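# Tertiary structure, described
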Amino acid sequence: RLIYLGVLWAMPSLKGRFAIIDIGGGSTEIIVADRHRTYFTESYKLGAARLTTRFFKKEKPTSQEIRELHDEVRGMLRPAAARLSESGGFNQLIGTSGTVQALAKLHRASLKKNEGGQQELDGYILNIEAVENIVDYLEEASLAGDRIKDVSTDRNRTVLSGAIVLLETMRSLNVQQIMVCTSALREGVV
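Residues numbered from 1 in each chain as written. Predicted model: local features only at pLDDT ≥ 70, side-chain atom pairs only at ≥ 80, totals over all residues. Heavy atoms only, no water.

### Considering the sheet that holds strand β2 (residues 28-33)
Read from one edge to the other, the open sheet built from six strands follows the order β3-β2-β1-β4-β6-β5, with strand pairing classed as mixed. The strands lining the two open edges of the sheet, one partner per strand, are β3 (38-44) and β5 (125-127). Within this sheet the neighbouring strands show an average axis-to-axis angle of 20 degrees, counted without direction. As paired strands, strand β1 (residues 18-23) and β2 are joined by six bridges and run antiparallel to one another. Note that in β2 the partner of D22 across the bridge is E29. Against the sheet, helix α1 (residues 2-10) contacts β1, β2, β3 and β4 (92-96), and its axis sits at roughly 120 degrees relative to β1. (Pairing = 2+ DSSP bridges. Helix = DSSP H or I, 4+ residues; strand = E, 2+ residues; numbered from the N terminus. Axes fitted to C-alpha atoms, helices over the stretch in contact; angles between N-to-C directions. Contact = heavy atoms within 4.5 Å.)

Okay, structure coming up:
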């Protein structure tokens, strides 16, 4: 409820039904709503820190651990996607919290190097191909034991798990893009 209120406050021009994904450290929340009410609100034990601790026991993950994490997230979200569809679906996916913002920063940094792109994070659009490319990059860097550039030190260890959650959510919900909202729980409390 508070994440939903934070998004409403930050995005006054939202119209129609939308979904919100909030990937935290311990859990991931998915909400379907419009400006007047929520239709679907679920919390899943798919937080970035929780999954990192559970699947990546050592400093460097293995290919098998990465595959198992993809399978786990997909297995939890496919039934949720069916229930979400039964609730009436949505027109737009909005991503909140640190993981989504970190992925947008990574994408923006790659554009800046290639095309001189600079854009605010609020309202930033990531398409599924960009998320797939970021996950590929994070997986390769993690397998090699490399530090992820353009990601804060405290998020460096958990960003791969969070990115996998986002990618598998987008795939499960059959969504082609996500819009970043920098407001969430804290703004909802206020």
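Right, picking up where we left off after that structure.
### Structural notes on the environment of K15
When you line up the elements, K15 lands in the loop between α1 and β1. Separated by 144 residues in the primary sequence, K15 and V159 have C-alpha atoms spaced 31 Å apart.

### Digging into helix α5 (residues 128-144)
Compared with an ideal rise of 1.5 Å per residue, which puts 17 residues at 24 Å, α5 spans 24 Å between its outermost C-alpha atoms and is within 8% of the ideal. When we look at burial in α5, the residues that qualify are I128, A130, V131, I134, V135, L138, E139, A141 and S142. The N-terminus of α5 is capped by N127, whose side-chain oxygen sits 3.2 Å from the backbone nitrogen of E129. (Expected span 1.5 Å × (residues − 1). Buried < 20%, exposed > 50% of the residue type's maximum accessible area, 1.4 Å probe, protein only. Polar contact = N/O pair within 3.5 Å; in protein donor to acceptor, adjacent residues only side chain to side chain.)

### Structural notes on the pattern of salt bridges
Within the structure shown, the criterion is met by five salt bridges. Put simply, E168 and R171 hold a salt bridge, and the shortest N to O gap is 3.2 Å. Remark: R171 and E168 occur in helix α7 (residues 159-172); sequence separation between them is three residues, near one turn of the helix. Taking the relative accessible area as the measure of exposure, R171 reaches 36% and is therefore partly exposed. Within this structure, D71, R74, E132, E168 and R171 form a network of salt bridges that share partners. (Salt bridge = Lys/Arg side-chain N within 4 Å of Asp/Glu carboxyl O.)

### So, the nonpolar core
Within the largest apolar cluster, 49 residues are counted, with the highest numbers of intra-cluster contacts made by V73, F90, L93, L103, L126, L138 and L166. Among the elements that take part in this core, α7 stands out by supplying eight residues, more than any other. Membership of the second largest hydrophobic core comes to 13 residues, among which are I3, V7, I20 and I31. (Core = buried A, V, L, I, M, F, W, Y, C linked by side-chain atoms within 4.5 Å.)

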